[in-house]
Amino acid sequence: MGRCSKKKASEQAAADGYYVDPLASLQILDAQSYDVSRTASVFADSSGHRWWTKAWFNGREKGEKAVEIPRAMAVKFVNDEIGKDAWLTRFYPKQMSVLSNAIAQTRQQLLGL
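So, how was this worked out
Residues numbered from 1 in each chain as written. Predicted model: local features only at pLDDT ≥ 70, side-chain atom pairs only at ≥ 80, totals over all residues. Heavy atoms only, no water. Pairing = 2+ DSSP bridges. Helix = DSSP H or I, 4+ residues; strand = E, 2+ residues; numbered from the N terminus. Axes fitted to C-alpha atoms, helices over the stretch in contact; angles between N-to-C directions. Phe/Tyr/Trp six-rings, centres within 6.5 Å; stacked < 30°, edge-to-face > 60°. Buried < 20%, exposed > 50% of the residue type's maximum accessible area, 1.4 Å probe, protein only. Core = buried A, V, L, I, M, F, W, Y, C linked by side-chain atoms within 4.5 Å. Contact = heavy atoms within 4.5 Å. Arc of directions from axis to C-beta. pLDDT = per-residue confidence, 0-100. Salt bridge = Lys/Arg side-chain N within 4 Å of Asp/Glu carboxyl O.

Student: Describe the sheet that holds strand β3 (residues 67–69), listing the residues and the values that go with them.
Tutor: In space, the three strands of this open sheet follow the order β1-β2-β3, with antiparallel pairing throughout. Two strands close off the open sheet at either side, each with one partner strand: β1 (38–44) and β3. Across the sheet, the mean angle separating the axes of adjacent strands is 30° when strand polarity is ignored. Alignment of strand β2 (residues 51–57) against β3, held across three bridges, turns out to be antiparallel.

If you want it as structure tokens, here you go:
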């Protein structure tokens, strides 16, 4: 059977109701579970005078370049006074923009919008 014939047969089978979509009744309850992992950390030099933050996106072993930050900001992050996403958006805006766009597109595809 040629490629064109297979396609016509497949289309006809779908039109006649012979194909059943096993995912048709699936409802997406939590789109967050399809989120991209992201991690942030802060660390200081041995004297505690200079502080940096580092981020990892999508489980990559090699993280983004470290960014020097004020000590006060590091303390706020460690004390959970600044959320992880707000932190990453501030210090890694380009990466977070790409991540946000990818998540939005995935949600649209999953929810059929």
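Student: Please provide a residue-by-residue account of the packing of aromatic side chains, values included.
Tutor: Pairs of aromatic rings are described using the distance from one ring centre to the other and the angle between the two planes. As enumerated under the stated definition, the model contains four aromatic pairs in all. Measuring from ring centre to ring centre gives 6.5 Å for phenylalanine 57 and tyrosine 92, while their planes differ by 75°; the resulting arrangement is edge-to-face. Placement of phenylalanine 57 in strand β2 and of tyrosine 92 in the loop between α3 (84–91) and α4 (93–111) is noted, with a sequence separation of 35 residues between them. Comparing phenylalanine 57 with tyrosine 92, the two get one shared label, buried. Three or more aromatic residues link up through ring pairs in this structure, and these residues are Phe77, Trp87 and Phe91.

Student: Let's hear about the nonpolar core: which residues, and what values?
Tutor: Within the largest apolar cluster, 17 residues are counted, with the highest numbers of intra-cluster contacts made by Val42, Phe57, Ile69, Trp87, Leu88, Phe91 and Tyr92. Counting only elements with at least two residues in this core, the list comes to β1, β2, α2 (71–78), α3 and α4. With residues near it in sequence (within four places) discarded, phenylalanine 91 still touches Thr53, Val67, Ile69 and Met73.

Student: Just give me the short version of the pairing of β2, but keep the residues and values in it.
Tutor: Counting buried residues along β2, five of its seven residues qualify, which places the element largely inside the surrounding structure. With seven bridges joining them, β1 and β2 adopt antiparallel strand pairing. Bridging from a neighbouring strand, alanine 44 pairs with tryptophan 51 of β2. Linking β1 back to β2 in an antiparallel pair, the connection comprises six residues, with glycine 48 at a positive phi of about 80°.

Student: Would you mind going over α3 in detail, with residue names and values included?
Tutor: Three or four residues apart is the spacing at which side chains of an α-helix point the same way, because the helix has 3.6 residues per turn. For α3, the complete set of buried residues consists of Trp87, Leu88 and Phe91. All buried residues of α3 lie within an arc of 95° about the axis, which places them on one face of the element. Next to the buried residues of α3 lie β1, β2, β3, α2 and α4.

Student: Explain the confidence of the model for the chain to me, using residue names and the numbers behind them.
Tutor: Predicted confidence across the chain gives a mean pLDDT of 82, with 76% of residues reaching 70 or more. Confidence, read as mean pLDDT per element, is least for helix α1 (residues 3–15) in the chain (71) and greatest for β3 (95).

Student: Which residues make up the pattern of salt bridges, and what are the values?
Tutor: Applying the stated rule across the entire model yields three salt bridges. In this structure, the salt-bridge partner of aspartate 85 is arginine 38, at a minimum N-O distance of 2.7 Å. One end of the pair, aspartate 85, is in helix α3; the other, arginine 38, is in strand β1, with 47 residues separating them in the sequence. Look at aspartate 85 and you get partly exposed, because its relative accessible area is 35%. According to the relative accessible area criterion, arginine 38 is buried, its value standing at 13%. For glutamate 68, the salt bridge is made with arginine 50, and the minimal N-O distance between the two is 2.8 Å. With a gap of 18 residues between them, glutamate 68 in strand β3 and arginine 50 in the loop between β1 and β2 connect regions that are remote in the sequence.

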